[in-house]
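Structural description and commentary
Here is how the chains run, residue by residue.
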Amino acid sequence: MKDADLKWMLGFAFRQRIFDQFDPDDLEAGIFAIREDLVVFLMGGFLKPQIMKRFGNYLDDFILDRCQFADGTVQMDVTLKLKLLGNVTAKYVFEVQECQFHKDVHRFIVKFQEDVMFSALAGFSSLFKSMTQKDSYLEMISELSNEDFFRAEGSILTVDLNELPGIKIPSRLHMDFLGCRNGRLEFAFNWEEEGEK
């Protein structure tokens, strides 16, 4: 990561009071816990412009209606306002299968379920799926977007943070997934010393 990028990220985090979202006691105990409201904030303020820039030819709007961390899963409800097909509501349940976050590997493998409804066209959902010959809309979006950082195949989503442009995660940062509970997505983290395996 370049010096200017690091300074911009720190400035953004402090201006948006992102560090206020984390409990100092958790951090001192080596736990990195993400709350639901932080995900909603980041989706709306940080990721939404990226999504609109990438898919603006097809989308009028993208809204994260709900994000919940419960029962070991991440549950999300999304509304897409498509230019040609009107409103689409999508409900997702994500379950982390693997967290590979060490050395030069920073990847999550997630199992997901989706339920997609087209408000304007009853029955269009199953017809559209059969026409595209994909198991899920997420799989179709991943193929259309041609982004390296996320790939969906069947009901498995792989997110590779190393493929995000401009992001360099320190190789000494090691994280393990702890779970989704009580409105928190929790990871244990530690900084590996030189020579540690």
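Quick caveat: nothing in here was measured; it's all calculated off a predicted structure.

Once that is clear, we can look at the overall build of the protein. Secondary structure summary: the protein contains 5 helices and 9 strands in total. A burial count over the protein gives 35% of its 197 residues as buried. Residue pairs in contact within the protein that sit at least 24 positions apart in sequence constitute 44% of those at least 6 positions apart. Accessible surface, the protein: about 12,400 Å² in total, of which carbon and sulfur atoms supply 55%.

Looking now at the pattern of salt bridges. Taken as a whole, this structure holds 10 salt bridges when the rule is applied. A salt bridge links D77 to R66; the nearest nitrogen and oxygen atoms lie 3.1 Å apart. You can see D77 sitting in strand β3 (residues 73-82) and its partner R66 sitting in strand β2 (residues 59-70), a full 11 residues away along the chain. Judged by relative accessible area, R66 falls into the partly exposed class, the value being 29%. A salt bridge links K103 to E192, with the shortest nitrogen-to-oxygen separation between them at 3.4 Å. Here K103 is found in the loop between β4 (86-102) and β5 (105-118), whereas its partner E192 is found in the segment after β9 (184-191), with 89 residues between them in sequence. Taking the relative accessible area as the measure of exposure, K103 reaches 38% and is therefore partly exposed. Three or more residues are tied together by salt bridges with common partners; here these are D26, R181, R184 and E186.

Along the chain, E36 turns up in helix α3 (residues 36-55). With 147 residues separating them in the primary sequence, E36 and G183 have C-alpha atoms 5.9 Å apart. For E36, the contacting residues outside a window of four places in its chain are C67, Q68, F69 and G183.

This part takes up the side chain of D61. Along the chain, D61 falls in strand β2. Side-chain polar atoms of D61 contact the side chain of K48, separated by 2.7 Å. Those residues within four positions of D61 in sequence are excluded, and the remaining contacts are K48, M52, T79, L80 and K81.

Parameters and conventions
- Residues numbered from 1 in each chain as written.
- Predicted model: local features only at pLDDT ≥ 70, side-chain atom pairs only at ≥ 80, totals over all residues.
- Heavy atoms only, no water.
- Helix = DSSP H or I, 4+ residues; strand = E, 2+ residues; numbered from the N terminus.
- Buried < 20%, exposed > 50% of the residue type's maximum accessible area, 1.4 Å probe, protein only.
- Contact = heavy atoms within 4.5 Å.
- Areas by Shrake-Rupley, 256 points an atom, 1.4 Å probe, with all protein chains shown as cover.
- Salt bridge = Lys/Arg side-chain N within 4 Å of Asp/Glu carboxyl O.
- Polar contact = N/O pair within 3.5 Å; in protein donor to acceptor, adjacent residues only side chain to side chain.

Just geometry here; none of it tells us what the structure is for.
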